[in-house]
Amino acid sequence: MKNWINKIPKDKLQRYIFLGALILVFAAFFISLALINNNDKPPIDEDPPGQVDDDDDDKDVDDDDDDDDILEESFKIPTNDDYEVVRKFYDVEADMAENELAIHVFNNNYSNSRGVSIASKNEDSIEVVASLTGVVEKVEENALRGYIVTIKHDDDIYTQYSSLSSVNVAEGDVVKQGEKIGVSGISEYDDLDSHVHFKILKKNMCYNPETIIGKKISDLK
C-alpha cells in the first residue's frame, strides 16, 4: 500500500486528499442537516386541539340535560284558597280610588301600603303558603302586626308575610313553593278581617305583588 502511494505523483496525491476531505465535509453537512430537520418536527399529540374525548363529550351532554331539568319558578299568590285583595300596594302612578285602598290608618296616622293584604272571599281565615322556594330568614311576633315570616330566595329577593295568627315554620327551614307557612289573622295595625299582608322585596325596594305574580325571579330587576 505504501509503495502504491509512493508511485502516485505528488500533485495528484494532493488532489485526491483534497477531494476526499471535501467529500467528508459535504457528508458531515448533510448528516447534520438531516438530524436538525428531525428534531424540528413537533411531537405527536395523542389528543390534538379541537378534539374531545368521547367520554368528555358524554359528560357535557349529561350536564346539559341536568340544566334543562331545572325550571325557574314564577311568583305565586301566597294562598291556595279563594281570595281577594283588600289592601292595595301604594303606587304614585295609580288612580286615586286604588290608592285610597293602599293607605293604612292607625291612631290617626296615615302610611302607604308597601305590599298587598289578601283575605278570604268568605271572611274565613286562609292558609298562607310560600310564594317561592327559599329559606326562612326570620320568624317574629309583633304586638301590632301579628306573626311575621320573612323568606329569603335566590338573587337577593325576599318575601314577607305578616298579620299571621299562627306559624308552621322556624328560622332556617327550607320551604318549597306552595308549602304552608302559617294561617292568616287579624292585626292591630290594620283594621281588616283575617288577612295576610304580603310583600316582595329586593335590595330593600318593595314591589307591587299584583304586577309581579306570574313573573320569574330573573324578571325582577
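Per chain, residue numbering runs from 1 following the sequence as it is written. Given that this is a predicted model, residues contribute local features only at a pLDDT of at least 70 and side-chain atom pairs are listed and counted only at 80 or more, while totals for whole chains, interfaces and linings are drawn from all residues. As a rule here, side-chain values come from all non-hydrogen atoms in the structure, and water together with hydrogens is ignored.

Caption draft 1: Region of interest: the nonpolar core. To form a nonpolar core, buried Ala, Val, Leu, Ile, Met, Phe, Trp, Tyr and Cys residues must be joined to one another through side-chain atoms within 4.5 Å. Working definition: with a 1.4 Å probe on protein chains only, accessible area under 20% of the residue-type maximum means buried, over 50% means exposed, and in between means partly exposed. In terms of nonpolar packing, the biggest core is built from 27 residues, with Phe75, Val149, Ile151, Tyr161 and Ile181 touching the most fellow members. Looking at this core, the elements that each hand over two or more residues are strand S4 (116–120), strand S7 (146–153), strand S8 (157–167), strand S11 (195–202) and strand S12 (205–207). Secondary structure elements are taken from DSSP: a helix is a run of H or I of four residues or more, a strand is a run of E of two residues or more, and numbering for both begins at the N terminus. The element that contributes the greatest number of residues to this core is S11, accounting for 4 residues. Note on contacts: a residue pair qualifies if any of its non-hydrogen atoms lie within 4.5 Å across the two residues. Apart from residues lying up to four places away in sequence, Ile151 is in contact with Ala130, Gly134, Val135, Val136, Glu137, Ile157, Tyr158, Thr159, Tyr161, Val175 and Ile181.

Caption draft 2: Spatial organisation of the environment of Ile148. Of note, Ile148 is situated in strand S7. Given a relative accessible area of 7%, Ile148 falls into the buried group. Expressed as a C-alpha distance, the spacing of Ile148 and Val167, which sit 19 residues apart in the sequence, is 8.5 Å. In contact with Ile148, not counting residues within four places along its chain, are Lys138, Val139, Glu140, Asn142, Gln160, Tyr161 and Ser162.

Caption draft 3: How the structure looks around the pattern of salt bridges. By convention in these notes, a salt bridge is any Lys or Arg side-chain nitrogen within 4 Å of a carboxyl oxygen on Asp or Glu. Overall, the coordinates contain 4 salt bridges when judged by the stated rule. Among the ionic pairs, Asp190 bridges to Arg87, the shortest N-O distance being 2.7 Å. With a gap of 103 residues between them, Asp190 in the loop between strand S10 (180–184) and S11 and Arg87 in strand S1 (residues 83–87) connect regions that are remote in the sequence. Comparing Asp190 with Arg87, the two get one shared label, buried.

Caption draft 4: Region of the structure containing the pairing of S11. Counting buried residues along S11, 8 of its 8 residues qualify, which places the element largely inside the surrounding structure. With 4 bridges connecting them, S4 and S11 associate as antiparallel partners. Bridge assignment links Ser117 to a residue of S11, and that residue is His197. Here S8 runs beside S11; their pairing, made up of 6 bridges, is antiparallel. Looking at S11, one finds that Gln160 is bridged to Lys199. Two strands form a pair only when DSSP identifies at least two bridges running between them.

Caption draft 5: Here's a closer look at a negative patch on the surface. Only residues whose relative accessible area exceeds 30% and that form no salt bridge are eligible for patches; like-charged ones are grouped when within 9 Å, while nonpolar side chains (Val, Leu, Ile, Met, Phe, Trp, Tyr) are grouped when within 5 Å. In short, Shrake-Rupley with a 1.4 Å probe defines the accessible areas, and a residue's cover is counted only from the protein chains shown. Positive charges come from Lys and Arg alone, negative charges from Asp and Glu alone, with His and the N- and C-terminal ends not counted. Taken as the charge centre is NZ of Lys, CZ of Arg, CG of Asp or CD of Glu, depending on the residue. On the surface, Glu84, Glu123, Asp124, Asp191 and Asp193 cluster together to form a negatively charged patch. By secondary structure assignment, the location of Glu84 is in strand S1. Residue classification places Glu84 among the partly exposed residues on the basis of a relative accessible area of 36%.

Caption draft 6: Seen up close, the pairing of strand S3 (residues 109–112). Inspection of the sheet shows strand S2 (residues 103–106) paired to S3 by 4 bridges, in the antiparallel sense. Paired with Phe106 across the two strands is Asn109, which belongs to S3. The turn linking S2 back onto S3 is made up of 2 residues, and Asn107 within it adopts a positive phi angle of 55°.

Caption draft 7: Layout of the side chain of Thr79. As for its position among the elements, Thr79 is in the loop between helix H3 (54–69) and S1. With relative accessibility at 3%, the residue Thr79 sits in the buried group. Under this definition, polar contacts are N or O atom pairs within 3.5 Å; protein pairs additionally need one hydrogen-donor-capable and one acceptor-capable atom, and for neighbouring residues in sequence, both atoms have to be side-chain atoms. Reaching out from Thr79, the side chain makes a polar contact with the backbone nitrogen of Asp81 at a distance of 3.2 Å.

Caption draft 8: Just the packing of aromatic side chains, in detail. A pair of aromatic rings is counted whenever rings of Phe, Tyr or Trp (Trp by its six-membered ring) have centres within 6.5 Å, and the orientation is called stacked for planes under 30 degrees apart, edge-to-face for over 60 and tilted otherwise. A full pass over the atoms with the stated rule returns 1 aromatic pair. Ring-over charges, as used throughout, are those where CZ of Arg or NZ of Lys falls within 6 Å of the ring centre and within 35 degrees of the ring normal. Lying across the ring of Tyr189, Arg145 places its NZ or CZ 4.0 Å from the centre.

Any functional reading would require information beyond the geometric quantities listed.
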